[in-house]
Amino acid sequence: MYIGLDIGTSSVKAILLDENQALIASAAADLTVERPHPGWSEQDPDSWWTACETVLDSLKGQAPKELAAVKGIGLSGHMHGATLLDAADKPLRPCILWNDGRSAQQCADLEKAEPKFLSLGGNRVMPGFTAPKLQWVRENEPDVFARTEMVLLPKDYVRFRLTGIYAGDMSDSAGTLWLDVAKRDWSDDLLAATGLTRGNMPKLVEGSEVSGQVKSDLCARWGFETAPVVAGGGGDNAASACGVGAVEPGSGFVSLGTSGVLFVTNDRFSPNVDNAVHAFCHAVPKTWHQMGVILSATDSLNWLAGRLKAAPGDLTAALGAVSGPSTVSFLPYLGGERTPHNDVAIRAGFAGISHETDDAELTHAVLDGVAFALKDCLIALSTAGTKVDRLLAVGGGSRSQIWLEIIASLLEVSIEVPVDGDFGASLGAARLGQAAALGSTDGIFSKPALQTTIDPNPSLIPAYADAYQRWRKLYPALKQAGF
């Protein structure tokens, strides 16, 4: 048996798989995000561990005999979060999350002071990444910075609680901006730029390798017969790629979660910093990936649902089939944007609202706006030489066939929908746990069973292509107007 633990922004998910990767049990526990100031986003690190205890207790309640036979555990988690521990291994402050925008000035300063962030790190210095967050702490909370002994990413704090070992995998660690991504090792120069050394970093392992074993007291709590190994695991998107079998060069997926991601696997380090493409290590050895990232995908739909006091699924269901783009345009920049703008200050907006605009038209505009932003990502990846003709869909938004048809028609790619699209990251984590336990990746990362394939709709392609060109003019107009 194998467990996949996914430390998400809004919840922790756990799945229990048998040796054939059949789902035996699953559980989830909700998390909350604190926003103490505009543009800030934080979470209590210990809430991740409490949620992990909850879901593992649930797995034990559902399948105690099967849980006893667990041999490997894999971890995935939201990337970039700055979790700062003191000499007693206690969190010094709330974790600064991936969608926190406070460090814009530090980003500009670091890019100017150390060009190797763009070359070795392979990415623009954005507020979402970990390095500028630490620079912000260094400048604004010097007492906390002085007491910081270890910097961990969210899933790696959970690993520490499980094993007592400080370790991180290549894919998640690449998102700190302290990694020499081509060499898959920490860069002393990049660490020094933020006042840190290797001594403040965990050891590095590949995602499919063993990082440690579950502590004996936890084995007793959950009834493990032998101490399971804990795999290196992966950042949430790399783990999702493992879950949907996107580990071979050229394979990829589109994720409609809180954020939106267009992910393509590469056989080499392929940065494209001019278009704010993310270039990271993959969770499997000798493999890298590129990502275009938008910050508010289902977050945009959830925001609208909150304003309209309706369930997101009810809004999309009421929309019905679409015969073309919405007459209203929406820019999904609720908390700034990454690809291709790298703009933490830009904000969202509707254009074209009239007396006749109703809830359905607003919903349609939000679905279109997220799809247009993903088109931006596809163009950025194409500029880097990446070709995509087929994608797998994961994330909660993949339950909306209408949304996927819009995206397929706009991107002009076929979209495959796995049966369990919501479990991409936790499935990938469990697979990495299995690989670590077996000491091999052979046959581990197959594509999951598909529910359906959504091809581009020829009747939608021309109208959406025209609408995208109009939509692209809105960002510079909003920017010029100071929004």
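In short, a report on the structure. Per chain, the residues get numbers from 1 upward, laid out in the order the sequence is written. Side-chain atom pairs in this predicted model are given and counted only at pLDDT of 80 or more, local residue features only at pLDDT of at least 70, and totals for whole chains, interfaces and linings cover all residues. For side-chain calculations, the full set of non-hydrogen atoms in the structure is used, while hydrogens and water are omitted.

### Examining the packing of aromatic side chains
Item 1. Working definition: rings of Phe, Tyr and Trp (its six-membered ring) pair if their centres are within 6.5 Å, and the pair is stacked with planes under 30 degrees apart, edge-to-face with planes over 60 apart, and tilted otherwise. Under the defined criterion, the tally for this structure stands at 14 aromatic pairs.
Item 2. Centroid distance W40 to W136: 5.4 Å. Interplanar angle 85°. Geometry classified as edge-to-face. On the criterion of sequence distance, the pair formed by W40 in the loop between strand 3 (23-30) and strand 4 (42-43) and W136 in helix 5 (residues 130-140) is long-range, its members being 96 residues apart. A single burial state applies to W40 and to W136, both of which are buried.
Item 3. Judged by centre distance (6.1 Å) and plane angle (40°), the rings of F372 and Y468 are tilted. Placement of the pair is F372 in helix 14 (residues 359-383) and Y468 in helix 17 (residues 461-472), with a sequence separation of 96 residues. Each member of the pair, F372 together with Y468, is buried.
Item 4. Among the aromatic side chains, those forming a connected cluster through ring pairs are F372, Y464, Y468 and W471.
Item 5. Here, over-ring charges are defined by two tests on the NZ atom of lysine or the CZ atom of arginine: distance to the ring centre within 6 Å, and angle to the ring normal within 35 degrees. Cation over ring: R102 sits above W136, and NZ or CZ is 4.6 Å from the ring centre. Only DSSP runs of H or I covering at least 4 residues are called helices, and only runs of E covering at least 2 are called strands; the numbering of each starts at the N terminus. Under the scheme applied here, a residue whose accessible area is under 20% of the maximum for its type counts as buried, over 50% as exposed, and between as partly exposed, the area being computed with a 1.4 Å probe on protein chains only.

### What to know about the packing of helix 17 against helix 18 (residues 474-481)
Item 1. As a rule, the C-alpha atoms of each element are fitted with a line to give its axis, helices using only the stretch in contact, and angles between N-to-C directions run from 0 to 180 degrees. Between helix 17 and helix 18, whose axes approach to 5 Å, the crossing angle comes to 15°. Our classification of the angle between helix 17 and helix 18 gives roughly parallel. Where helix 17 approaches helix 18, its residues R470, W471 and R472 are matched on the opposing element by L474, Y475 and P476.
Item 2. Residue classes follow a fixed rule: Ala, Val, Leu, Ile, Met, Phe, Trp, Tyr, Cys and Pro count as nonpolar, while Asp, Glu, Lys and Arg count as charged, and any other residue, Gly among them, counts as polar. Here the contact of helix 17 with helix 18 is built from residues that sort into four nonpolar, no polar and two charged. Oblique is the label for any angle not under 35 degrees, not over 145, and not in the 65 to 115 range, which are roughly parallel, roughly antiparallel and roughly perpendicular in turn. Contact between two residues is taken to exist if any of their heavy atoms lie within 4.5 Å; hydrogens are not considered.

### Description of the side chain of S41
Item 1. Of note, S41 is situated in the loop between strand 3 and strand 4.
Item 2. Judged by relative accessible area, S41 falls into the buried class, the value being 0%.
Item 3. The residues contacting S41, other than those within four sequence positions of it, are V33, E34, R35, C95, I96, L97, N99, D100 and R102.

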